[in-house]
Amino acid sequence: MNYEPISEVSLKQSLFGAIETDEVSYKNYVIELSNVDNSCKCKFEVLGQNRICSEIKQIPSGPWLKEFKMYGIKLTDLENITLKVDKEIKLLIGADVAGKLFTGKIIPLKSNLTAVHTRLGWTVLGKLFGSEPSVESKHSLIISSLLTQTQCISDLGSLDVLGITGSAHRQTAKELEEETTKYFNETLCVNAEGRYEVALPWVVDNSSLPENIKLAEKSLLSTKRKLMTSGKLEAYGEVFDNWLSLGIIEKIPQGETGRVHYLPHRPVIKEGSTTSIRPVFNASSHALGFPSLNECLSTGPNLIEIIP
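Note that the structure is predicted; figures quoted are calculated from it, not measured. (Residues numbered from 1 in each chain as written. Predicted model: local features only at pLDDT ≥ 70, side-chain atom pairs only at ≥ 80, totals over all residues. Heavy atoms only, no water.)

Colleague: Before we move on, can you summarise the overall build of the chain with the specific residues and values?
Modeller: In terms of regular secondary structure, the chain is built from eight helices and 13 strands. Relative to its 308 residues, the chain shows a buried fraction of 26%. Contacts in the chain between residues at least 24 apart in sequence constitute 54% of all its contacts with a sequence separation of at least 6. Of the roughly 21,200 Å² of accessible surface on the chain, 54% is carried by carbon and sulfur atoms. (Helix = DSSP H or I, 4+ residues; strand = E, 2+ residues; numbered from the N terminus. Buried < 20%, exposed > 50% of the residue type's maximum accessible area, 1.4 Å probe, protein only. Contact = heavy atoms within 4.5 Å. Areas by Shrake-Rupley, 256 points an atom, 1.4 Å probe, with all protein chains shown as cover.)

Here it is as structure tokens:
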């Protein structure tokens, strides 16, 4: 970068696992950082290091791209295909500087990522869902986007400039609720048996939803042992037999499954009730590194809140 050092400092580094390095001398620089069109610039001190860490891959294609578009999250390395993205990390910003760049807008995404807005653009943090994590995909994903901003770092002391209101997040969440309600009304129908049917409001591509069979089987074995111990296994099975006879559930013919997602279930026991035992399904269960069914679906508006 052709910067001249302004001083030298000697430091020991305390690493994860309480490992402490020997004292090393580092050159101290003052650098200037700006977004891609130079509309926002800031200067701060950094220490020189030949290599900061291993490479981080550019964000791949996937269902999260739909979420970015939905919330208006633009990443320079995705939006500007002519921009050459260097996978090697050239600059690591400390919390003392990063804290002044954050605007307060934080958007948790259904795809297990979190979008954080800064004065220089959006940063996306987290781990992507995947089938078999490679060495590269085990690294936390940190993708930065440098977008047009008008404020510089010297202005960041003002609360008006910081704009920590979350209004953009609330607006986009409201839009998602409205879209979910509209989708519900459009897909609601009555089937040939006189039952209401509605399509699931996927907020991300459901191709990321795994089969979940191992997790469901493990839960089933645990549930079965507990029911046998309490002597309620037969009563629990009768609930499913009753549902089957009423057409609430149905058996799927072997070989005609298509895409499948298994939900673990457990009994809720309430003595003295007309339904003393009933199954409860856990749509929030998920294997490590994969989304749950709940995370893939939009909840829509909270109707309880609008009840007078």
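Colleague: Provide a residue-level description of the pairing of strand β8 (residues 121-126), including the pertinent values.
Modeller: As defined by bridge partners, strand β7 (residues 113-118) adjoins β8 across six bridges and the pair is classed as antiparallel. Each bridged residue has a counterpart across the sheet, and for Leu-113 the counterpart in β8 is Gly-126. Linking two consecutive strands that pair antiparallel, namely β7 and β8, is a turn of two residues. (Pairing = 2+ DSSP bridges.)

Colleague: Which residues make up helix α7 (residues 233-246), and what are the values?
Modeller: For an α-helix, 3.6 residues make a turn, and residues three or four places apart therefore share a direction. Here α7 spans 20 Å end to end across 14 residues, near enough to the 20 Å set by a 1.5 Å rise per residue. Buried residues of α7: Tyr-236, Val-239, Phe-240 and Trp-243, and no others. Along the axis of α7, the buried positions cluster into a sector of 90°, meaning they face one direction only. Facing away from the buried surface of α7 by more than 90 degrees, the exposed residues are Glu-234, Asp-241 and Ser-245. On its buried face, α7 sits against α6 (213-230), β12 (265-269) and β13 (277-281). (Expected span 1.5 Å × (residues − 1). Arc of directions from axis to C-beta.)

Colleague: Could you give an account of the sheet that holds strand β5 (residues 41-47), with specific residues and numbers?
Modeller: Pairing within the open sheet is antiparallel, and its three strands lie in the order β1-β4-β5. In this open sheet, the two strands that pair with only one neighbour each are β1 (7-11) and β5. For this sheet the average axis-to-axis angle between neighbouring strands, irrespective of direction, equals 35°. As paired strands, β1 and strand β4 (residues 24-34) are joined by five bridges and run antiparallel to one another. Within β4, the position partnered with Leu-11 by the bridge is Val-24. (Axes fitted to C-alpha atoms, helices over the stretch in contact; angles between N-to-C directions.)

Colleague: For the nonpolar core, give the residues involved together with the corresponding values.
Modeller: By size, the foremost hydrophobic cluster in this structure holds 14 residues, and its most contacted members are Phe-68, Ile-73, Leu-75 and Leu-109. Counting residues per element, this core draws most heavily on helix α1 (residues 64-71), at three residues. Tyr-29, Cys-42, Leu-101 and Leu-120 belong to the second largest nonpolar core, which has 10 residues in total. (Core = buried A, V, L, I, M, F, W, Y, C linked by side-chain atoms within 4.5 Å.)

Colleague: An account of the environment of Asn-112 is requested, with residue identities and associated values reported.
Modeller: Mapped onto the secondary structure, Asn-112 falls in the loop between β6 (102-108) and β7. Sequence separation between Asn-112 and Gly-289 is 177 residues, and the spatial gap between their C-alpha atoms is 8.8 Å.

Colleague: Summarise the packing of aromatic side chains; cite the residues concerned and give the values.
Modeller: Counting across every chain of the model gives three aromatic pairs. Taking 5.3 Å as the distance between ring centres and 85° as the angle between the ring planes, the aromatic pair formed by Tyr-236 and Phe-240 counts as edge-to-face. Note that Tyr-236 and Phe-240 are positioned in helix α7 at a spacing of four residues, about one turn of the helix. A relative accessible area of 18% means that Phe-240 is categorised as buried. On the numbers, 6.4 Å between centres and 25° between planes, the contact of Trp-243 with Phe-281 is stacked. Residue Trp-243 is located in helix α7, and its partner Phe-281 is located in strand β13; the two are separated by 38 residues in the primary sequence. (Phe/Tyr/Trp six-rings, centres within 6.5 Å; stacked < 30°, edge-to-face > 60°.)

Colleague: Which residues make up unusual backbone geometry, and what values do they have?
Modeller: Positive phi, normally seen in glycine, also occurs at Asn-212, with a value near 70°. You can see Asn-212 is positioned in the loop between β11 (196-197) and α6.

Colleague: Describe the side chain of Ser-298, and please don't skip the residues or the numbers.
Modeller: You can see Ser-298 is positioned in the segment after α8 (293-296). The exposure class assigned to Ser-298 is buried, which follows from its relative accessible area of 11%. A polar side-chain atom of Ser-298 sits 2.6 Å from a polar atom in the side chain of Thr-180. Among all residues touching Ser-298, those that are not within four sequence positions of it are Leu-176, Thr-180, Pro-201 and Val-203. (Polar contact = N/O pair within 3.5 Å; in protein donor to acceptor, adjacent residues only side chain to side chain.)

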